[in-house]
Amino acid sequence: TPEEQNSQFQSLELLRQHPLSLMAFLQHVVLQFDSCPVLCYLHVDMLRRMNPKEGKKQFVEFCHLFLDKTGLLRVSVPHHVQFELERTRPELLSEETQRRFLQDIQSFQEAEISRQLEDFRSKRLMGMTPGEQELSELEWSRARDPSGSESKEKQLAEQLLARLEEMHLTISSDEEKSSIIFGAIVTYMKFLGVKTKGGDAKKSKSNFFRKKISGKEPQGKGRKGFSLPGAALWGRDAHSEWAEKPPHPERRGPRGAERIEGGSSRPPRGGAGTAGTPDPSPSLVTVTPPGGDSTDAEPGMDPPGPSELGEHSPEPPSGEQHPAEEGAETER
């Protein structure tokens, strides 16, 4: 019909200038056809309009998503482009070669896109395409206020994008691929100046592709600390676990345990000591009997330990005979 021939749905190049019509067409394509060709065409258009430095950087990301054999949105490309990319890394191609390849790739998708546009036009006559209410509202707004039609169109395109977000997980049986397709649409609509909502607005065109397809761990992740075998038990360091445990009281002998618990020693036998007097060093004490008599230890026997001899108070001053000596000899 004459109305169809004059509409912007004749080519994707015309649709690119009308965000609302483009959103209506994209929503139809992602639910009815393979949307990779049209998304590849649009992203090539975006790369060709970037400055040379940014475009060369994004060309590598574009290849990972649309041209690699493992790319989730892989499309068919001319044979010479595929051959060159298999033998040369994308970042090593010259800027002129990259731009020539982008143009060839874009032209290669036009046949499939034309078929999808023809299907959209025929189904629109039957009222089977999305966005008709928004398109009618735009025509009415344009008739009343032509100067504000551009902002109104972007606002209505934002509504269609939000509607697609609610159902975007049904685009493909693969949930990851569905999210990437929707993210690619969001990226291009942002490029046209359409505002986006929620979590998908955070994906900028600088890291969108690589972030979605890379399986590498994020950089900057801290490494585990070094530890000897068996040092970490249930998340605790062996050194800290040992430091928390006090020395076992039995290893210091029975009287040593009494000193730890009570902090004081018993008075010496013989009644001359004072209760609560700190015990001297636990070194071996040699007792000499009065009168110069000395008894040699029997051969083959170990000298008595401090626990067998008992505890002794410090020696009294010279010239005074302490009753503790007499008691110690009697005990011996």
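These numbers were taken from a predicted model, which means no experiment stands behind them.

**Student:** Teacher, can you tell me more about the environment of E153 here?
**Tutor:** Relative to the helices and strands, E153 resides in helix α9 (residues 149–167). Separated by 15 residues in sequence, E153 and L138 place their C-alpha atoms 6.4 Å apart.

**Student:** Just checking my understanding: could you explain the environment of L138 for this structure?
**Tutor:** One can find L138 in helix α8 (residues 132–144). Aside from chain neighbours lying at most four places away, what touches L138 is L20, S149, K152, E153 and L156.

**Student:** I would appreciate a short explanation of helix α3 (residues 19–32) in the present structure.
**Tutor:** Since the α-helix advances by 3.6 residues per turn, residues separated by three or four positions end up pointing in the same direction. In a regular helix each residue adds 1.5 Å, so 14 residues correspond to 20 Å; α3 covers 20 Å between its end C-alpha atoms and thus fits that length. Across the 14 residues of α3, 12 count as buried, placing the element largely inside the fold. Looking at the buried side of α3, the elements it contacts are α2 (12–15), α4 (36–48), α7 (95–125), α8, α9 and α10 (175–191).

**Student:** What exactly am I supposed to notice about the packing of helix α5 (residues 52–67) against α7 here?
**Tutor:** Angle between the axes and distance between the axes: these two values describe a pair of packed helices. Closest axis-to-axis distance for the α5/α7 pair is 11 Å, and the angle between their directions is 45°. By the criterion of interaxial angle, the relationship of α5 to α7 is oblique. Relative to α7, α5 is oriented so that their crossing is left-handed. Residues P52, K56, F59, F62 and L67 of α5 form the contact with α7, whose own contacting residues are E95, Q98, R99, L102 and I105. Taken together, the residues of the contact of α5 with α7 sort by class into 6 nonpolar, 1 polar and 3 charged.

Reading the values: rules and limits
- Residue positions are counted from 1 within each chain, in the order its sequence is given.
- Selection of residues for local features in this predicted model requires a pLDDT of at least 70, selection of side-chain atom pairs for listing and counting requires 80 or more, and totals for whole chains, interfaces and linings are taken over all residues.
- The side-chain values count all of the structure's non-hydrogen atoms but skip hydrogen atoms and water molecules.
- Helix numbering and strand numbering both begin at the N terminus, where a helix is a DSSP run of H or I of at least 4 residues and a strand a DSSP run of E of at least 2.
- Whether two residues touch is decided by their heavy atoms; if any such pair falls within 4.5 Å, the residues are in contact.
- Here a helix's expected span is defined as the number of its residues, less one, multiplied by 1.5 Å.
- Each residue is placed in one exposure class: buried if its accessible area under a 1.4 Å probe, protein chains only, is under 20% of its type's maximum, exposed if it is over 50%, and partly exposed if it falls in between.
- A fitted line through C-alpha atoms represents every axis, and for helices the fit uses only the stretch in contact; the resulting angles, taken between N-to-C directions, go from 0 to 180 degrees.
- Orientation is classified from the angle alone, with under 35 degrees giving roughly parallel, over 145 giving roughly antiparallel, 65 to 115 giving roughly perpendicular, and any other angle giving oblique.
- Crossing chirality is assigned from the near helix's rotation relative to the far helix, an anticlockwise turn below a right angle marking it left-handed and a clockwise turn marking it right-handed.
- Each residue is assigned to one of three groups, with Ala, Val, Leu, Ile, Met, Phe, Trp, Tyr, Cys and Pro labelled nonpolar, Asp, Glu, Lys and Arg labelled charged, and all others, Gly among them, labelled polar.

Distances and angles like these do not, on their own, reveal function.
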